[in-house]
Amino acid sequence: MASKFLLIAQREYLTRVRKKSFIIMSLIGPLLTVALFAVPVLIARLSDNDKVVAVADAGNIFKGELPAPQSEVRYVAVPAELSRAKAAYKASKYDALLYVPPFRLDQPAGFQLFSRQGVGLSLERDVRRAINKQIEGARLTEAGIKRETLDRLEANVELETISLSEQGERAASTGASTGVAYAAGFLIYIFIFMYGIQIMRGVMEEKTNRIVEVVISTVKPFQLLMGKILGIAAVGFTQLGLWILLSSAITAVFAGSMSPAKMTQQRLSQTTAMSTGAVLSQAEKAKVQQEQATLLTKFSKSMGDLNLPLVLGCFLFYFVGGYLFYGALFGAIGSAVDNETDSQQFMLPVTMPLVLTFVVCQAVLTTNPNGSVAVWMSMIPFTSPIAMMMRLPFGGVPAWQLALSMALLIGGFVFTTWLAGRIYRVGILMYGKKITYGELSKWLFYKG
């Protein structure tokens, strides 16, 4: 029995890893993953690079001193009269025209931002910020308060988060925990879908080609189902390992080019150029270097605060457990139908818990990752693979909850495997019949 079972798993594994599509996706997958996060950043940097805004200051808000270049935006003066300012703007290559009308300081209104084809949100935000800051400064002056005095009164408190658990006090980083939680949940979500559907299609293909009629003459339907599930699971592990290795290498290269030091240096170069040759003082350079060191220290500390051995160990368990749990259900669907059109009615109840968990957990994590909703979702086998992995990085998960969640997932896998086996042994030889939920329930009680 064991030898037949392993032969089926080996066949499923070798058949898939030798395909060109597997090799191509194993190589391209990490690139696509990194590109998913890198391309928006690069596009944002390129699109916001060295924007020039013309300023028609009819209201004399800037009093002849335009705002200093900030966030890659440079300001230039044009005639204050609107018609002449528009003419100068049309004859230039400026990105936008800001018109400041005569206004009352207590009720500022009438500001306009002109552009040829619309402006981006970041440019509009920077211009609005420059106007608001200037108005605030004028109001402070009118009230007899200096801007320097207000700046000295502002506070920027560093808040250290600490988790109080059964194991004692432990530093925690909300940002790092959120990133790891999303990454772990997303990987489990994607791989269950990818390889669960492969199981379903593989069973359907063998059923429609009548190959299964020959195969089950030598092995039991349950052995065939479990061999498929575990063989494809090995494929998933192989591809996941390749993705992790390649993604780590690509991310290291990308992180080098997008590191805080390089990005800050580029920003300084652009700022210096836009400031018409102004040279940064030693104090400004020291401040920038201090910012770089602070960013790197915070990143290193935030990753060090995570209980990475626990997170990685649980990730492997829930990755395998979630796949096996859903893989059996996808195999049962494949055995019950003859084509993918008929499979849609049965896939919805199976896939909805996955989609719902991923969507709900994103909202829950921002409010209370250890609230009652998150706890219950991390217990139910249909939702626990994603929900528990999105809770663990935040800490505070009691040992009994983790143990109960794992036990319920194992029990859920045993139950779904039994359920899938009952459906599989009947449905694998059923052709040309429209299957309903009522018909499936009858198959569960067939003897034999």
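A.B. asks: Break down the overall build of the protein chain for me, with residues and values.
C.D. replies: Helices and strands together make up the secondary structure of the protein chain, namely 16 helices and six strands. By the burial criterion, 39% of the 448 residues in the protein chain qualify as buried. Of the contacts formed within the protein chain by residues at least 6 apart in sequence, a portion of 71% connects residues at least 24 apart. Carbon together with sulfur atoms contributes 64% to the accessible area of the protein chain, which is approximately 24900 Å² in total.

A.B. asks: Any details on the pairing of strand β3 (residues 96-100)? Residues and values, ideally.
C.D. replies: Of all five residues in β3, five are buried, a share of seventy percent or more. Here β3 shows a buried face lined by Ala96, Leu98 and Val100 and a second buried face lined by Leu97 and Tyr99.

A.B. asks: Mind laying out the packing of helix α11 (residues 308-336) against helix α15 (residues 399-427), listing which residues take part and the relevant values?
C.D. replies: The contact between α11 and α15 brings their axes to 8 Å, and the two run at 20 degrees. Considering their axes alone, α11 and α15 lie roughly parallel with respect to each other. As for the relative orientation of α11 and α15, their crossing is left-handed in sense. Within the contact of α11 with α15, the residues separate by chemical class into 19 nonpolar, nine polar and no charged.

A.B. asks: Please give an account of the pattern of salt bridges that cites residues and values.
C.D. replies: The full count for this structure, using the stated rule, is four salt bridges. Where arginine 104 meets aspartate 106, a salt bridge forms, and the shortest distance between an N and an O atom there is 2.7 Å. A salt bridge links arginine 129 to aspartate 126, with the shortest nitrogen-to-oxygen separation between them at 3.8 Å. Taken together, the residues arginine 129 and aspartate 126, both in helix α4 (residues 121-142) and three residues apart, mark about one turn of the helix. Look at arginine 129 and you get partly exposed, because its relative accessible area is 46%. For aspartate 126, a relative accessible area of 8% corresponds to the buried category.

A.B. asks: Tell me about helix α14 (residues 384-391), residues and numbers included.
C.D. replies: Of all eight residues in α14, eight are buried, a share of seventy percent or more. Regarding α14, the residues found buried are Ser384, Pro385, Ile386, Ala387, Met388, Met389, Met390 and Arg391.

A.B. asks: Residues and numbers for the nonpolar core, please.
C.D. replies: Within the largest apolar cluster, 72 residues are counted, with the highest numbers of intra-cluster contacts made by Ile188, Ile229, Tyr318, Tyr323 and Met389. Among the elements that take part in this core, α11 stands out by supplying 15 residues, more than any other.

A.B. asks: Summarise the sheet that holds β3; cite the residues concerned and give the values.
C.D. replies: Working definition: the strands of a sheet are paired by backbone hydrogen bonds and lie parallel or antiparallel to each other. The strand order across the open sheet built from four strands is β2-β1-β3-β4, with neighbouring strands paired in mixed fashion. Each edge of the open sheet carries a strand with a single partner, namely β2 (73-77) and β4 (112-114). Here the strands of the sheet are splayed against their neighbours by 25 degrees on average, with no regard to which way each runs. Across five bridges, strand β1 (residues 51-57) lies against β2 in parallel orientation. Its bridge partner being in β2, lysine 51 is matched across the sheet by valine 73. Along the sheet, α4 contacts β1, β2, β3 and β4; its crossing angle with β2, the most-contacted strand, is approximately 60 degrees.

A.B. asks: Run through the confidence of the model for the protein chain, naming residues and quoting values.
C.D. replies: Residues of the protein chain with pLDDT of at least 70 account for 73%, and the chain-wide mean is 75. In this model, residues 270-281 is a region of pLDDT below 50 whose contacts with residues beyond four sequence positions or in other chains number 14 contacts.

A.B. asks: Describe the side chain of serine 378, and please don't skip the residues or the numbers.
C.D. replies: One can find serine 378 in the loop between α13 (372-377) and α14. According to the relative accessible area criterion, serine 378 is buried, its value standing at 0%. A polar side-chain atom of serine 378 sits 2.7 Å from the main-chain carbonyl oxygen of valine 375. Not counting chain neighbours up to four residues away, the residues in contact with serine 378 comprise Ser384, Ala387, Met388, Arg391 and Ser405.

A.B. asks: Talk me through the packing of aromatic side chains; I want residue IDs and the actual numbers.
C.D. replies: If you walk through the whole model with that rule in mind, you get ten aromatic pairs. On the basis of an interplanar angle of 75 degrees and a centroid distance of 5.2 Å, the ring pair of phenylalanine 325 and tyrosine 326 is categorised as edge-to-face. With a relative accessible area of 2%, phenylalanine 325 lands in the buried category. Judged by centre distance (4.9 Å) and plane angle (90 degrees), the rings of phenylalanine 325 and phenylalanine 382 are edge-to-face. Taken together, the residues phenylalanine 325 in helix α11 and phenylalanine 382 in the loop between α13 and α14 connect sequence positions 57 residues apart. Residue classification places phenylalanine 382 among the partly exposed residues on the basis of a relative accessible area of 35%. Grouping aromatic residues by their ring pairs yields a cluster made of Phe191, Tyr195, Phe315 and Phe319.

A.B. asks: Report on the packing of α14 against α15, specifying residues and quantitative values.
C.D. replies: At a minimum axis separation of 11 Å, α14 and α15 run at an interaxial angle of 160 degrees. In this view, α14 runs roughly antiparallel relative to α15, as classed from their interaxial angle. Taken as a pair, α14 and α15 cross one another with a handedness that is left-handed. Of α15, the residues touching α14 (which contributes Ser384, Pro385, Met388 and Arg391) are Gln401, Leu402, Ser405 and Leu409. Looking at the contact of α14 with α15, its residues break down into four nonpolar, three polar and one charged.

Rules used in this analysis
- Residues numbered from 1 in each chain as written.
- Predicted model: local features only at pLDDT ≥ 70, side-chain atom pairs only at ≥ 80, totals over all residues.
- Heavy atoms only, no water.
- Helix = DSSP H or I, 4+ residues; strand = E, 2+ residues; numbered from the N terminus.
- Buried < 20%, exposed > 50% of the residue type's maximum accessible area, 1.4 Å probe, protein only.
- Contact = heavy atoms within 4.5 Å.
- Areas by Shrake-Rupley, 256 points an atom, 1.4 Å probe, with all protein chains shown as cover.
- Axes fitted to C-alpha atoms, helices over the stretch in contact; angles between N-to-C directions.
- Parallel < 35°, antiparallel > 145°, perpendicular 65-115°, else oblique.
- Left-handed = near helix turned anticlockwise from the far one by under 90°.
- Nonpolar A, V, L, I, M, F, W, Y, C, P; charged D, E, K, R; others polar.
- Salt bridge = Lys/Arg side-chain N within 4 Å of Asp/Glu carboxyl O.
- Core = buried A, V, L, I, M, F, W, Y, C linked by side-chain atoms within 4.5 Å.
- Pairing = 2+ DSSP bridges.
- pLDDT = per-residue confidence, 0-100.
- Polar contact = N/O pair within 3.5 Å; in protein donor to acceptor, adjacent residues only side chain to side chain.
- Phe/Tyr/Trp six-rings, centres within 6.5 Å; stacked < 30°, edge-to-face > 60°.

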